[in-house]
Amino acid sequence: MTLPRFDQIRPKIEKHIREVKDFPKKGINFRDIMPLFTNPQLVNELCVVIADHVRHSVGHVDSVAGLEARGFLFGPQVAIQLGVPFVPIRKKGKLPGATIEASYQKEYGEDIVEIQEGAIKQGDVVFLIDDLLATGGTLRAAANLVVKAGGKVGEAFVLIELTPLNGRAKIPDVNLTTLISYDSA
Ligand SMILES: O=P(O)(O)OC[C@H]1O[C@H](OP(=O)(O)OP(=O)(O)O)[C@H](O)[C@@H]1O
Ligand SMILES: Nc1ncnc2[nH]cnc12
């Protein structure tokens, strides 16, 4: 959150986030980022700013890993800006070939995410990216996957943090940057 350009872009991004009550089920206040994609210039600006943040605050990274599905909306563009590979982290059963998996707790029950074997090499520094941090289960599993593959999380970045859900508590070992924090879930 150190770059002044984050402060400049934040209000513009905030204007494009729509709140949808009771989606996907009653009691959930869904933060919809899709309106952002009606403004391709702003999406591009955002990805350039994130890449600059990586260069100046994180330093060298070997890859950008994004979480299905909404991490795929930004991750590849940031990776292209940085000139490094994009590593997709997908829900179980979607990636062909040999995979490495990590399970995680969701609000109800458990889920599994995977990467393809060889996508992260021993000693790689990985920049993790997703749209939103809620309970932190997803990022916890992603960080576990990176370590299991022999890599190291350089930093994790999310556009939105829902602070009352205390997701950060699940990833005390991960340096996390967020663009927008909401103090109501
Ligand atoms: O911090 P957590 O409680 O783990 O929640 C955050 C995750 O939840 C959403 O993804 P979702 O699982 O809904 O999948 P989708 O992006 O494929 O819709 C969101 O995009 C994050 O990846
Ligand atoms: N409130 C929320 N809005 C959008 N995506 C989410 N993923 C988990 N919680 C969410």
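As the structure is a computational prediction, the values presented were derived from the model and not from experiment.

Focus on unusual backbone geometry
Phase 1: Backbone torsion omega between F23 and P24 reads 0°, so that peptide bond is classified as cis.
Phase 2: Relative to the helices and strands, P24 resides in the loop between β1 (18–21) and β2 (29–32).
Phase 3: The linkage connecting E68 with the following residue, A69, adopts the cis geometry, with an omega of -5°.
Phase 4: Within the fold, A69 resides in the loop between β3 (63–67) and α3 (75–82).
Phase 5: For D22, which is not a glycine, the phi torsion comes out positive at approximately 60°.

Focus: the pattern of salt bridges
Phase 1: Scanning the entire structure with this criterion turns up 15 salt bridges.
Phase 2: Its salt-bridge partner being R5, residue D52 comes within 2.5 Å of it at the nearest N-O pair. Here R5 lies in helix α1 (residues 4–14) and D52 lies in helix α2 (residues 40–58), a separation of 47 residues in the sequence.
Phase 3: One network of salt bridges, with partners in common, ties together R5, D52 and R55.

Concerning helix α4 (residues 137–148)
Phase 1: With 12 residues, α4 should cover 16 Å at 1.5 Å per step; its first-to-last C-alpha distance of 16 Å lies within 8% of that length.
Phase 2: Every buried residue of α4 is listed here: G137, L139, R140, A141, A142, A143, L145 and V146.

Re the nonpolar core
Phase 1: Formed by 33 residues in total, the largest nonpolar core has its most connected members in I13, L46, V78, F127, L159 and L179.
Phase 2: Ranked by residue count, the leading element in this core is α2, at 8 residues.
Phase 3: The contact partners of L46, leaving out residues within four places of it in the chain, are I9, I13, L36, F74, L159 and L179.
Phase 4: Counting residues in hydrophobic clusters, the runner-up holds 26 residues, among them A102, Y104, I115 and I171.

Describing the side chain of E114
Phase 1: Tracing the sequence through the fold places E114 in strand β6 (residues 110–116).
Phase 2: By relative accessible area, which is 5% here, E114 ends up buried.
Phase 3: A polar side-chain atom of E114 sits 3.2 Å from the main-chain amide nitrogen of G93.
Phase 4: In this structure E114 touches P88, I89, R90, K91, K92, G93, K94, L95, T99, I100, E101 and L145, once residues within four positions along its chain are discounted.

A closer look at the layout of surface pockets
Phase 1: By volume, the largest pocket is sized at about 960 Å³.
Phase 2: As for the largest pocket, its lining consists of 34 residues, of which R70, E107, L132, A134 and T138 are closest to the centre.
Phase 3: Only β2, β4 (86–91), β5 (99–105), β6, β7 (125–133) and α4 provide two or more residues apiece to the lining of the largest pocket.
Phase 4: The element that contributes the greatest number of residues to the lining of the largest pocket is β7, accounting for 4 residues.
Phase 5: A breakdown of the residues in the lining of the largest pocket according to their chemical character gives 16 nonpolar, 7 polar and 11 charged.

Remarks on the site of ligand 2
Phase 1: Every residue lining ligand 2 is accounted for by N29, F30, R31, R70, L132, A134 and L162.
Phase 2: The separation between a nitrogen atom of ligand 2 and a polar main-chain atom of R31 is 2.9 Å.
Phase 3: A distance of 3.1 Å is found between a nitrogen atom of ligand 2 and a side-chain nitrogen or oxygen belonging to R70.
Phase 4: Expressed as a share of its isolated accessible area of 260 Å², the protein-covered part of ligand 2 is 76%.
Phase 5: Mapping ligand 2 onto the cavity grids shows that it belongs to the largest pocket.
Phase 6: With 3 residues, the top contributor of residues to the shell around ligand 2 is β2.

Definitions and limits used
- Residues numbered from 1 in each chain as written.
- Chains lettered and ligands numbered in written order.
- Predicted model: local features only at pLDDT ≥ 70, side-chain atom pairs only at ≥ 80, totals over all residues.
- Heavy atoms only, no water.
- Helix = DSSP H or I, 4+ residues; strand = E, 2+ residues; numbered from the N terminus.
- Salt bridge = Lys/Arg side-chain N within 4 Å of Asp/Glu carboxyl O.
- Expected span 1.5 Å × (residues − 1).
- Buried < 20%, exposed > 50% of the residue type's maximum accessible area, 1.4 Å probe, protein only.
- Core = buried A, V, L, I, M, F, W, Y, C linked by side-chain atoms within 4.5 Å.
- Contact = heavy atoms within 4.5 Å.
- Polar contact = N/O pair within 3.5 Å; in protein donor to acceptor, adjacent residues only side chain to side chain.
- 1 Å grid on protein atoms, 1.4 Å probe; cavity = no way out; pocket = protein on both sides within 12 Å on 5 of 7 lines; lining within 4 Å.
- Points joined across faces, edges and corners; volume = space filled by probe spheres on them.
- Nonpolar A, V, L, I, M, F, W, Y, C, P; charged D, E, K, R; others polar.
- Near = heavy atom within 4 Å.
- Areas by Shrake-Rupley, 256 points an atom, 1.4 Å probe, with all protein chains shown as cover.
- Sits in = over half its atoms within 2 Å of the grid points.

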